[in-house]
Amino acid sequence: MSETEKSGTGGKSSEALAGAASTVFDFKHAAFTLKTCVFRLDAQTSVPVMIVSLDSLHASIPVSKLKQSFGIDEGSHDDKLVQLLAKALKYVKEIRPGDSIPTEVLDGKASWLVDPKYLAVSRAKVTMQLVSWMQGQAYDPHASDAAMTMADDPDTKKRVQEAFGAIAEKLGFSHDRRSEVVDLVEGLCRELSYIEALREQLSGAARRLLSNLKSLQSVYGREASVMDSILRVQSILAKPIKDFGAALEEVDSGLIEILPTLKLYPQRVQFIREKRDKLREKYLLWEEVLEMWNNVPLELCAEASYAIQETYRFAASRFPQGQKWALSFR
Amino acid sequence: MSGNPNQRREPRIPMVDSFMLVAGRRLQLRNWSYSGFFAGPIDGELHLGRDFDLTLELRSELGNAEVKGRGKLVRSDAAGIAGTWTLEKTSQQAEMLLRYFLAYPDPSALED
């Protein structure tokens, strides 16, 4: 298996890679040298825009207009970078000229870091998959607490070592290539650590938000307008939050058997990264509102009232009633 | 009301969803150019001196912009106010961006 296959970059578009001759947004056109130039998604429309703030002029220009309006030549260095902006803004909140191009765009790897605890969770789960496979038992992806406990068990570690040898044989590797299986498993754990982080930071945090709102229902029972906001927010956000869980379930189901996962490693890594990137894009959208709820007292107070109103504003603007929820996990 | 566009040195750009903030009021910006404007109608009374601060809120397919400037009143009636204006703080970059919203900029304006 080549390094390219291992890294799972086979699925990235040639268009994106062609534009990535540079690894930074090193624009050449003078328009991008404005000190205050920054690229973001428009807060209302989510369209990528270039924002420029000068003394008496604040402007927001759609990225799609830049090429035509600034006379950027087709196929030029700047044209390729402008084309990458929309892709890149799925992974970072803002880009300034001179910033690095997110690695998701360049080679598919994540440009963000996860806490080591999520790597520990993914290792424990993969360990239990290996043990289940050795014992001919079905693996339960939901038993993460049990996995964390059992993964440290000396007997489990011994079985994992046996599993490496058995899997090497099943994959048709010679005995001296057993270490390649170890590398594959470690690579899989690293890829899945991002999913574990998103499981907690996005899906888990969003479910806690709903739970907090439910708790505040009893607190704000006599405040009709606040109560109305709480109920509306719960109604609007229930579906997107459910979709986060469904997307994670899809990842779990798609990787439930360890041997096929390792046999089709590049394809499986690509699958994980696609799900990771879509969830990460949603996380960036939700990050502010989820973080806001970290320290909100669940009692009748100004902070709780503010959090409810801000969450309602977020829900109403991002998920207008009557509009189909745009998150598509395919 | 806003004069014959063909007689102007700077062609006026008609606007649909843009506004002018002046004296605490938000008037619909009907048309504007690099040096002139016409905004209205005016509901009720609007007291303006000959010179006044203004903010243009521009919205079009080219993007959005908020521009602070200084206005000079030429004519005022129920249909609106018409006058001339200049950027509050001007610079080559600000002028270039302003011209972008009037059409498309001349890239050479940015070259030093």
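Everything numeric in this text was worked out from a predicted model, so none of it was measured.

So, the overall build of chain B
What chain B contains, in helices and strands, is one helix and seven strands. Mapped in sequence order, the helices and strands of chain B form the string β-β-β-β-β-β-β-α. Expressed as a percentage of the 112 residues in chain B, the buried residues total 33%.

Observations concerning the overall build of chain A
For chain A, the count of helices and strands is 13 helices and four strands. Seen through its principal axes, chain A has C-alpha atoms that stretch 70 × 60 × 30 Å. Out of the 330 residues belonging to chain A, those deemed buried represent 32%. Considering only residue pairs separated by 6 or more positions, chain A has 66% of its internal contacts joining residues 24 or more positions apart.

So, the nonpolar core
All names here are of chain A. If you look at the biggest cluster of nonpolar residues, it comprises 54 residues, and the most contacted ones within it are Ile195, Leu202 and Ile230. Once you skip the residues sitting within four places of it in the chain, Leu202 turns out to touch Phe244, Leu279, Lys282, Tyr283 and Trp286. In this structure, Phe25, Leu54, Ala59 and Ile101 belong to the second largest nonpolar core, which totals 49 residues.

Some remarks on the interface of chain B and chain A
The interface is formed by 22 residues belonging to chain B together with 18 residues belonging to chain A. It is strand S6 (residues 63–77) of chain B that provides the largest number of residues to the side of chain B that touches chain A, a total of seven residues. A class-by-class count of the residues in the side of chain B that touches chain A yields 12 nonpolar, five polar and five charged. Pairing of strand S3 (residues 57–62) of chain A with S6(B), which is carried by four bridges, proceeds in the antiparallel orientation. Paired with A:Ala59 across the strands is B:Ala65, a residue of S6(B).

Some remarks on helix H4 (residues 77–88) of chain A
Residues lying three or four places apart along an α-helix face the same way, a consequence of the helix completing one turn every 3.6 residues. Residues and elements named next belong to chain A. Given a rise of 1.5 Å per residue, 12 residues ought to cover 16 Å, and the 16 Å separating the end C-alpha atoms of H4 matches this to within 8%. Every buried residue belonging to H4 is among Leu81, Val82, Leu84, Leu85 and Ala88, and all of these are buried. Projected down its long axis, H4 shows its buried positions confined to an angular sector of 165 degrees, all on one face.

Topic: the environment of A:Met292
All names here are of chain A. With respect to the helices and strands, Met292 occurs in helix H12 (residues 265–292). Sequence separation between Met292 and Leu209 is 83 residues; the distance between their C-alpha atoms is 9.8 Å. Residue contacts for Met292: discarding those within four places in its chain leaves Ala307 and Glu310.

Notes on the domain arrangement of chain A
Where the parts come together, the accessible area they lose is often given as the size of the interface. Segmentation of chain A into domains returns domain 1 (3–106) and domain 2 (115–330). Just the C-alpha atoms count here: the centres of domain 1 of chain A and domain 2 of chain A sit 29 Å apart.

Describing unusual backbone geometry
Of note, the amide linkage connecting B:Gly40 to B:Pro41 takes the cis form, showing an omega dihedral of 5 degrees. As for its placement among the helices and strands, B:Pro41 is situated in the loop between strand S4 (36–39) and strand S5 (51–60). The residue A:Ser46 is not glycine, and still its phi comes out positive at about 65 degrees. A positive phi angle, close to 50 degrees, is found at B:Ala23, a residue other than glycine. A count of 13 C-beta atoms within 10 Å places B:Ala23 in the partly exposed class.

So, the environment of A:Ser211
By the element assignment, A:Ser211 lies in helix H9 (residues 178–219). For the pair A:Ser211 and A:Gln234, spaced 23 residues apart in the sequence, the C-alpha separation amounts to 9.3 Å.

Concerning the pairing of strand S7 (residues 80–87) of chain B
All names here are of chain B. Of the pairings in the sheet, the one linking S4 to S7 comprises four bridges and is antiparallel in character. Bridge pairing links Phe37 to Gly83 in S7. Examined bridge by bridge, S6 and S7 share eight bridges and lie antiparallel to one another. Note on S7: the bridge partner recorded for Arg70 is Thr86.

Considering the packing of helix H10 (residues 224–254) of chain A against helix H13 (residues 302–318) of chain A
All names here are of chain A. The N-to-C vectors of H10 and H13 enclose an angle of 40 degrees; their axes lie 9 Å apart at closest approach. One element, H10, and the other, H13, form an angle in the oblique class. Between H10 and H13 lies a crossing of left-handed hand. In contact with Val226, Ser229, Ile230, Arg232, Val233, Ile236 and Leu237 of H10, H13 contributes Ser305, Ile308, Gln309, Thr311, Tyr312, Ala315 and Ala316. Tallied by class, the residues present in the contact of H10 with H13 amount to nine nonpolar, four polar and one charged.

Observations regarding the environment of A:Val251
Residue and element names in this part refer to chain A. Mapped onto the fold, Val251 is located in helix H10. The buried category is assigned to Val251, around which 21 C-beta atoms lie within 10 Å. Taking the C-alpha atoms as reference points, Val251 and Val226, separated by 25 residues in sequence, lie 37 Å from one another. With near-sequence residues (within four places) excluded, Val251 lies in contact with Ile195, Ile272 and Lys275.

Thoughts on the pairing of strand S2 (residues 19–22) of chain B
All names here are of chain B. Along S2, the buried face is formed by Met20 and Val22; none of Phe19 and Leu21, which line the opposite face, is buried. Here S2 folds back onto strand S3 (residues 25–32), and the loop between the two strands holds two residues, one of which, Ala23, carries a positive phi near 50 degrees. Taken together, the three bridges between S2 and S5 define a ladder with antiparallel strand orientation. By the bridge assignment for S5, Met20 is matched with Leu56.

Thresholds, definitions, all that
- Residues numbered from 1 in each chain as written.
- Chains lettered and ligands numbered in written order.
- Predicted model: local features only at pLDDT ≥ 70, side-chain atom pairs only at ≥ 80, totals over all residues.
- Helix = DSSP H or I, 4+ residues; strand = E, 2+ residues; numbered from the N terminus.
- Buried ≥ 20, exposed ≤ 12 C-beta atoms within 10 Å, placed from the backbone.
- Contact = placed C-beta atoms within 7 Å.
- Core = buried A, V, L, I, M, F, W, Y, C linked by C-beta atoms within 7 Å.
- Nonpolar A, V, L, I, M, F, W, Y, C, P; charged D, E, K, R; others polar.
- Pairing = 2+ DSSP bridges.
- Expected span 1.5 Å × (residues − 1).
- Arc of directions from axis to C-beta.
- Domains from an automatic or database assignment.
- Axes fitted to C-alpha atoms, helices over the stretch in contact; angles between N-to-C directions.
- Parallel < 35°, antiparallel > 145°, perpendicular 65-115°, else oblique.
- Left-handed = near helix turned anticlockwise from the far one by under 90°.

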